[in-house]
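In case you want the letters, here they are:
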Amino acid sequence: MKRIILILALLVIATPLRAQMSYEDEARALGIVAGQGLACGSSKYDTFELLARAIILTKSPSDALQNKALKIFTEEKANVFVTQQLNKFADCPNIVKRFDVQDIFQATLYGDGTIKMPDGQILTPRVPYDASMIYDKKSNDRQRATAIYNQDKSHIKKVEFKDASMQAGNQIRPAKAKGGSQKILSSPKKISRKKTKK
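All of the points below concern the structure found in this document.

Conventions and cut-offs
- Residues numbered from 1 in each chain as written.
- Predicted model: local features only at pLDDT ≥ 70, side-chain atom pairs only at ≥ 80, totals over all residues.
- Heavy atoms only, no water.
- Helix = DSSP H or I, 4+ residues; strand = E, 2+ residues; numbered from the N terminus.
- Buried < 20%, exposed > 50% of the residue type's maximum accessible area, 1.4 Å probe, protein only.
- Contact = heavy atoms within 4.5 Å.
- Lys, Arg positive; Asp, Glu negative; His and termini not counted.
- Salt bridge = Lys/Arg side-chain N within 4 Å of Asp/Glu carboxyl O.
- Polar contact = N/O pair within 3.5 Å; in protein donor to acceptor, adjacent residues only side chain to side chain.
- Expected span 1.5 Å × (residues − 1).
- Phe/Tyr/Trp six-rings, centres within 6.5 Å; stacked < 30°, edge-to-face > 60°.
- Lys NZ or Arg CZ within 6 Å of the ring centre and 35° of its normal.
- Disulfide = S-S within 2.5 Å.
- Core = buried A, V, L, I, M, F, W, Y, C linked by side-chain atoms within 4.5 Å.

Some details on the overall build of the protein
Here is step 1: For the protein, the helix and strand inventory stands at seven helices and four strands.
Here is step 2: Along the protein, helices (α) and strands (β) appear in the sequence α-α-α-α-α-α-β-β-β-α-β when read from the amino end.
Here is step 3: Looking at the protein residue by residue over its 198 residues, the buried ones come to 43%.
Here is step 4: Counting contacts in the protein only where the partners sit at least 6 residues apart, residues at least 24 apart contribute 73% of the total.

What to know about the side chain of Asp100
Here is step 1: Its location among the elements puts Asp100 in the loop between helix H6 (92–99) and strand E1 (108–110).
Here is step 2: The buried charged residue Asp100 lacks any salt bridge partner; its closest oppositely charged side chain belongs to Lys44, at an N-O distance of 5.7 Å.
Here is step 3: Looking at Asp100, its side chain comes within polar contact range of the side chain of Ser42, at 2.4 Å.
Here is step 4: Residues contacting Asp100, with those up to four places away along its chain left out, are Ser42, Ser43, Lys44 and Phe105.

Concerning unusual backbone geometry
Trans is the common state for peptide bonds, and a negative phi is the common state for residues other than glycine.
Here is step 1: For Lys88, which is not glycine, the phi dihedral falls at a positive 55 degrees.
Here is step 2: The topology assignment puts Lys88 in the loop between helix H5 (63–86) and H6.
Here is step 3: Overall, Lys88 belongs to the exposed group, its relative accessible area being 72%.

Things to note about H5
Here is step 1: In this model, H5 (24 residues) spans 35 Å end to end at C-alpha, consistent with the 34 Å of a helix rising 1.5 Å per residue.
Here is step 2: Immediately downstream of H5, the backbone of Lys88 shows phi near 55 degrees, a positive value.

So, the packing of aromatic side chains
Here is step 1: Going through the model one piece at a time under the given rule, you end up with three aromatic pairs.
Here is step 2: On the numbers, 5.1 Å between centres and 50 degrees between planes, the contact of Phe48 with Phe99 is tilted. Here Phe48 is found in helix H4 (residues 45–59), whereas its partner Phe99 is found in helix H6, with 51 residues between them in sequence. Each member of the pair, Phe48 together with Phe99, is buried.
Here is step 3: With 6.0 Å between their ring centres and 65 degrees between their planes, Phe99 and Phe105 make a pair best called edge-to-face. Grouping residues by exposure puts Phe99 and Phe105 together as buried.
Here is step 4: Through a chain of ring-to-ring contacts, three or more aromatic side chains come together here, namely Phe48, Phe99 and Phe105.
Here is step 5: Stacked on the ring of Phe105, the Lys or Arg Lys44 has its end atom at 4.9 Å from the ring centre.

Overview of the state of the cysteines
As used in these notes, a disulfide is a covalent bond between sulfur atoms, one from each of two cysteines.
Here is step 1: Applying the stated criterion across every chain, the model contains one disulfide.
Here is step 2: Across the disulfide, Cys40 is cross-linked to Cys92 (sulfur-sulfur distance 2.0 Å). Here the S-S torsion is close to -70 degrees, and the disulfide linking Cys40 with Cys92 is therefore left-handed. Of the two residues, Cys40 is situated in helix H3 (residues 23–40) and Cys92 in helix H6; the sequence distance between them amounts to 52 residues. The residues Cys40 and Cys92 share a single accessibility class, namely buried.

Details of the nonpolar core
Here is step 1: One finds Leu30, Phe48, Ile56, Ile104, Leu109 and Ile115 to be the most contacted residues of the largest nonpolar core, which totals 32 residues.
Here is step 2: Per-element tally for this core: the top contributor is H4, with nine residues.
Here is step 3: Not counting residues up to four positions away in its chain, the partners in contact with Ile104 are Leu30, Phe48, Leu51, Ala52, Ile55 and Pro118.

Some remarks on the side chain of Asp130
Here is step 1: Mapped onto the fold, Asp130 is located in the loop between strand E3 (122–123) and helix H7 (141–151).
Here is step 2: Separated by 2.6 Å, the side chains of Asp130 and Ser132 make a polar contact.

Purely spatial values, then, with no claim about function.
This is the structure:
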């Protein structure tokens, strides 16, 4: 079952298929993959979390659907985290290998919430926002999730993460107008490849 979820989630994140998904289904898929990266301790989890949240915020058609999508994303992430805990982190080395080479890491996120996707598509938010405010890399999500899980394993049915972007009354701040250039918050790293002799 967990292998099927992993395969489906990774397929869902693939760029061509993502174009055919509904907004809520995309948030669900991003949450599933985020939960796997979180549970298995991927070194790229923080970057994924930032980009996933940015995609959800940038694509949101309305505030109400955005809040619903963020809730779906967070619940799916928590559910997959708990599932991985219950399965004693089975297959984590393979999950991390697949997690770390996803196309999403080739996206470029700009300070106003604009995203250049790996396929070249430019996503522009309906209302520009300060993208640096959507995720704090010092948030220790894994430690908090583990602590919640360890509090009482026998009564876990569903775990919800509540974070700064989900709390009542906490709005993402609109981006301040700046002259000329935009700050890049996340972009793919250039990988130098050595040429091999034939």
